[in-house]
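An overview of the molecular structure
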Amino acid sequence: MSGPNTGTAAPSSQNMSTRPANGPQDWDMGTKTLLDLERLDGYVAELAVSDDGGHAAAVVEKSPEERIIAVDNQPWEPALEKAWSLRFTSDGRAFALVRIDDEWTIMVDGTPWEERFEFAWNPKLAGGGKVIGVQTKSDMQYSVAVDGKLWDARFLSCRDYALSPDGSRVAAAVQIEELPEADVFKFLEGTWTVVVDEEPWPRKYLNVYTPIFSLDGKHVAAQVRTDATDYTAAIDNQPWAQVFTCIWEPRYRTGSDVLLPVRQQGGWFLAQNGKILWPSKYVQLWHACVSPQDERIAAVVATAYGRWTVAVDDVPWKTTFSDMVAAPVFSPDGHKVAAAVKHDGRWSIAVDGVPWMPTFDMVWEPVFSPGGESIATIVKENGKQSLVVNGRVHSRSFDRLWAPAFSPTGKQILLRGVDGTRVIREVIATTEV
Amino acid sequence: MDIYEVVRGPLVWIAFLGLAGGVVVKLLLMASLAKKEKTVFPTMSASHGLRSILHWIMPWGSTNMRAWPVMTTVSFAFHLCLLVTPLFVMGHAVSWQQSWGISWWSLPALAADIMTLWVVCGGVFFLIRRLTAPEVRNVTTFKDVLLILLVISPYLTAFVAHEQWFNNDVMIVLHIVTGVLWMLAIPFTWLSHMFWFVFTRAYMGSEFGAVRNARDW
Amino acid sequence: MDLQDQAVLDRGIDEGLEKLTPERIEKVIRHVLDNESAARLKVYLETCVHCGLCSEACHTYLSRDKDPDFAPVAKVKDTLWEMVKRKGRVDKDLLRRSARIAFTECGACRRCSMYCPFGIDIAYLIMTVRRICSLLQIVPQYLQDTTNSHAVTSNQMWVQADEWIDTLMWQEEDARDSFADARIPLDKEGAEVMYSVIAPEPKIMAQLLGNMAVIMKAANVDWTMPSADGWDNSNMAMYSGDFEVMGRVERAHWERARALKVERVVMGECGHAYRGAVYDGPKWLGWQKPPIPMIHAVEFYYELIHSGRLKIHRKITEPVTVQDPCNIVRGRGLHHKLRYVVNALCENFTDMDPRYEHNYCCAAGGGIINCGPPWKLSRMKSIRVKAEQMAATGAKICITPCHNCHSGIEDIIGHYKLGMHVSFINELLVKAIAEPQG
């Protein structure tokens, strides 16, 4: 039952892209084998396939002390002490966290960064999927490195970071004051802040969560806790005048407007720039997201205890789901909204409030075709994974599938998956499903 | 209209209306508060609630009741007599008949006497327990003592009146007055456990049974 | 009344009190009573007839020679009744007493609800007092520090992200010393099971993680562990009364499980984490049940052994007994499955009396042990009945499928000189499934 670790769950804090950042060029129908697992001598710990389905890579364990990374069956040299979190950049370069001579770094296309760290983790991509960031620790101090360049600034701790959309800037949630053991009073004075391009915000907060950049990369917003019971958003170190008893992750609209789910009077609302934008009071509200044209806003809401759905511009879908609703996704034209939903223990996809008829053990995030007329996703049923398009299940099942991608016309779908011992790419006609 | 007519007429009406109105108002108020709490109604489970109530209205049906056999015996008999006696005692049957023309089976006089006395003795037992058991005395207030005295006084006065030990008219008036106060106190004091019991027990039974897969008795 | 307990100094409470004004006290109490509480609080307070029948349910009352001040109803009387009666206009002495009672003398184990004729949820009333104390910032120092850790790191022991991953990696190495193919797959999207633990495991009992790698491999389970926050599902904020931090921690946990697309979450041997992840957390967040099914380790071991996926090769021969953790027994009814597992692993098992839902709490749960060293002696005085109960079994090992129970029982064994040792099932299971050499 135990299979290779074939993917890294992306932290869900950023806006969800609906398809791989750099789509494939090759839309010729047919199947191509990218990797033959039988030829990889050893235990395959992880697998990754590039966005365009052109390359596949594997972390292979040769012995407890020795791992190699092989791309398209070609092993990188030298062997590594450890390697994990294997992924591809959007331009097809494989990278992973690796340990060489007891030090950690990122290895890209077989070449490790020159900078080495006591520890490195949490790689993130930006700049259209080409810029690689990572959190680091050296000499018990925490920092961030981007494309091999480590910040000079060091911090007592760092819990999260964000890259600007073009990858040129970095913001991180860092601890800048020593906190003696169990000093609950010093904690209340604030020991955390946001650091942007190595420059910490002057004000200290009790907590700082989920810093994000505006789309133009000029502004940074974060959740801040200004007192034990006061939470709000801070934009470029300026907290909103309004505080709330609880908040969730902020979202930038196209300009500098910031959306924030806020809790007050025992319920949840959506606020924008400190003022309530959606007057409806929900039992829960999170995962706010903005349509690509910045015209519509969707969020996951609970309209009552145990009744989950999506609200679009403060109007909840009529159908509610008992178990869970995952982050909503807009179609590229912003007209449709889809989300993975779970009701009575079974997953499905709901589009504009209407769930697909078939239900599954598990459903991945929905992917819209460029024109918005089709939605594809991966599902899991009885341990096997399949492609589903517009509620219809593809006849073939796989051991593992990566997110599907539509061709620019929407007429073809790229499948990337593991079929027995082969990692394959396959282009099928959308109508085939 | 003499004092007897007053207490037997308007005062009794006040008692019935006060009791019914008080209970209805309380229930409505709580229903709206429970709705505000969001999780209360969705948690309720009829079968698990009922299961719990049954275990707790059955004598010795719960572990704690078995741990206190004397208290359990006295208490069950007390509550049973307290509810049954006023409904079926001959004196009241006559009143129902005279006032509203309705009649039903009545208790034999001896049984009614014994049951009335059981309520009084039960009350005295509770009082003694309250004042002697440290864990009860510690949480007993003056109001608690007064409430017990109020609960047993209509029964005591009824018994005394029936036995004609004192001026009968005075006793009957006292009986009605204390009975009216007793009824009026139900919605507004902890005597409200008479009706809240069903809800608190059902809620706890639901939480234990339906949510946490465990027993609460 | 225990003068020694009353003399305990706790910076979290004492210095917190100094900062309070009568206006703030009144405002906070009224806010909690009027806005954060509704039907249950009012009905419970109206229904209580002050009969004292809840007393015998409480291990602190029983252990302290039936001191009436330790009866559950007395704890409500000395705290919430006064706050309600005086409409929040209470003095600092009452608040100091309330914090001591609510945080250190009641573990919210809910045994008393099973003894109250009306099913009044006394633990809920005490939790309301804790909520008030939390908003007033008069929480025992060490418990508050744990909550602060949750607020910063999501886990309860200030474990840094790198320390967590590093620990999983060296535990994998350790596990492979005893079981060649044992692994701890990180962030494996689409795995059947996400395994979540609480921070004491990477911090001080890392071998439990390695043991789990061995167990998972032996049973051939498709599992994963998250490398990022959300791996700790415990929640001391739930017990300190900081429900906002509690919600944040539980959301992180469930969203991590969703991000990994796992079909269910198996959690380690911890009771309060089970409560936080399955009941209190989801409830506050708006979920009527956990969004993804979660089972406690006891249920998981039961499943693996019962189905034959795990083979027991040698049983433990020493006499054992088992502690029923409140939050998985009164909280989930797992007592029969627990005994199935214990009997499968041990040849010589003696039960404690009382047991099942009627077990006594270990006195560590409910955040009490997290109140730290200042309160340890008080905690030991409150749990003599458990020591007597354990001694009567004659066992040499007390199995504790809960971290709080584990630490609490360990303290009891030391304080009352019981000559036993404590063990998680995980530790016994790894020995029991090891194939005999040759």
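What you are looking at is a predicted structure, and each value in this text was computed from that prediction instead of being measured. (Residues numbered from 1 in each chain as written. Chains lettered and ligands numbered in written order. Predicted model: local features only at pLDDT ≥ 70, side-chain atom pairs only at ≥ 80, totals over all residues.)

Moving on: the overall build of chain B. Looking only at helices and strands, chain B has 11 helices and 0 strands in total. Viewed in the frame of its principal axes, chain B has a C-alpha envelope of about 60 × 40 × 35 Å. Sequence separation of 24 or more characterises 65% of the internal contacts of chain B that already satisfy a separation of 6 or more. (Helix = DSSP H or I, 4+ residues; strand = E, 2+ residues; numbered from the N terminus. Contact = placed C-beta atoms within 7 Å.)

Here the focus is the interface of chain C and chain B. Opposite the 40 residues of chain C that make contact, chain B presents 38 residues. Taken together, the elements giving at least two residues each to the side of chain C that touches chain B come down to α4 (39-47) and α6 (72-85) of chain C. Sort the elements by how many residues they give to the side of chain C that touches chain B and α4 of chain C lands first, with 7 residues. Tallied by class, the residues present in the side of chain C that touches chain B amount to 18 nonpolar, 10 polar and 12 charged. (Nonpolar A, V, L, I, M, F, W, Y, C, P; charged D, E, K, R; others polar.)

Time to look at the pairing of strand β40 (residues 392-398) of chain A. Each regular strand carries side chains that alternate between the two faces of the sheet. Residue and element names in this part refer to chain A. Bridge analysis of strand β39 (residues 384-389) against β40 gives 4 bridges, and the strand direction is antiparallel. Among the inter-strand pairings, S386 is bridged to a residue of β40, identified as S397. The hairpin turn running from β39 into β40, its antiparallel successor, is 2 residues long, and N390 in that turn takes a positive phi close to 50°. (Pairing = 2+ DSSP bridges.)

Quick look at the pairing of strand β24 (residues 258-264) of chain A now. Residues and elements named next belong to chain A. Within β24, 6 of the 7 residues are buried, which leaves the element mostly enclosed by the surrounding structure. Direction of pairing for strand β22 (residues 246-247) relative to β24: antiparallel, over a ladder of 2 bridges. For I247, the partnering residue across the bridge sits in β24 and is V262. The sheet contact formed by strand β23 (residues 251-252) and β24 spans 2 bridges and is antiparallel. Paired with Y252 across the strands is V258, a residue of β24. Hairpin connection, β23 to β24: the antiparallel pair is bridged by 5 residues. Two elements, β24 and strand β25 (residues 267-272), share 6 bridges in a ladder whose sense is antiparallel. (Buried ≥ 20, exposed ≤ 12 C-beta atoms within 10 Å, placed from the backbone.)

This paragraph deals with the confidence of the model for chain A. Across chain A, pLDDT averages 93, with 94% of residues at or above 70. Low pLDDT, under 50, characterises residues 6-21 of chain A; the predicted model gives this stretch 40 contacts beyond four residues in sequence or across chains. (pLDDT = per-residue confidence, 0-100.)

The next thing to look at is the nonpolar core. Grouped burial of nonpolar side chains is what soluble globular proteins tend to show. Among the nonpolar cores identified, the biggest contains 346 residues, and I69, A96, A171, A299 and A339 of chain A together with Y301 of chain C are the most heavily contacted of them. In terms of residues, this core owes the most to one element, helix α10 (residues 168-185) of chain B, which gives 9 residues. If near-sequence neighbours (up to four positions away) are discounted, A171 of chain A is found in contact with Y161, A162, V194, V195, V196, P211, F213 and V220 of chain A. (Core = buried A, V, L, I, M, F, W, Y, C linked by C-beta atoms within 7 Å.)

Here we take up the sheet that holds strand β28 (residues 297-304) of chain A. Residue and element names in this part refer to chain A. Spatial ordering of the open sheet is given by β27-β28-β29-β30, a layout of 4 strands whose pairing is antiparallel. Both edges of this open sheet fall to β27 (284-290) and β30 (315-316), since each of them pairs with a single strand only. Sheet analysis places strand β29 (residues 307-312) next to β30, joined by 2 bridges and oriented antiparallel. Bridging across to β30, A311 finds its partner in P316.

On to the domain arrangement of chain A, then. When the parts of a complex come together, some accessible area is lost, and that lost area is often taken as the interface size. Residues and elements named next belong to chain A. We note that the domain assignment places domain 1 (283-359) and domain 2 (363-433) within chain A. Centre-to-centre separation of domain 1 and domain 2, based on C-alpha positions: 21 Å. Each partner contributes to the interface: domain 1 provides 17 residues, whereas domain 2 provides 10 residues. Breaking the side of domain 1 that touches domain 2 down by element, the ones donating at least two residues are β33 (337-343) and β34 (346-351). (Domains from an automatic or database assignment.)

Let's shift gears to the sheet that holds strand β4 (residues 294-296) of chain C. A sheet is described by the order of its strands in space; here 4 strands give the open sequence β2-β1-β3-β4 (chain C), paired in parallel fashion. Since the sheet does not close on itself, it has two edges, and those belong to β2 (223-224) and β4 of chain C, each with one partner.

Our next topic: the interface of chain C and chain A. Chain C puts 45 residues into the contact, and the matching count from chain A is 44 residues. Those elements that provide at least two residues to the side of chain C that touches chain A are α2 (11-18), α9 (141-153), α10 (161-178) and α14 (243-259) of chain C. The greatest single-element share of the side of chain C that touches chain A, amounting to 8 residues, is contributed by α9 of chain C.

Mean pLDDT for chain B: 92, with 100% of residues reaching 70 or above. The least confident element of chain B, judged by mean pLDDT, is helix α6 (residues 90-100) of chain B at 84; the most confident is helix α8 (residues 134-137) of chain B at 97.

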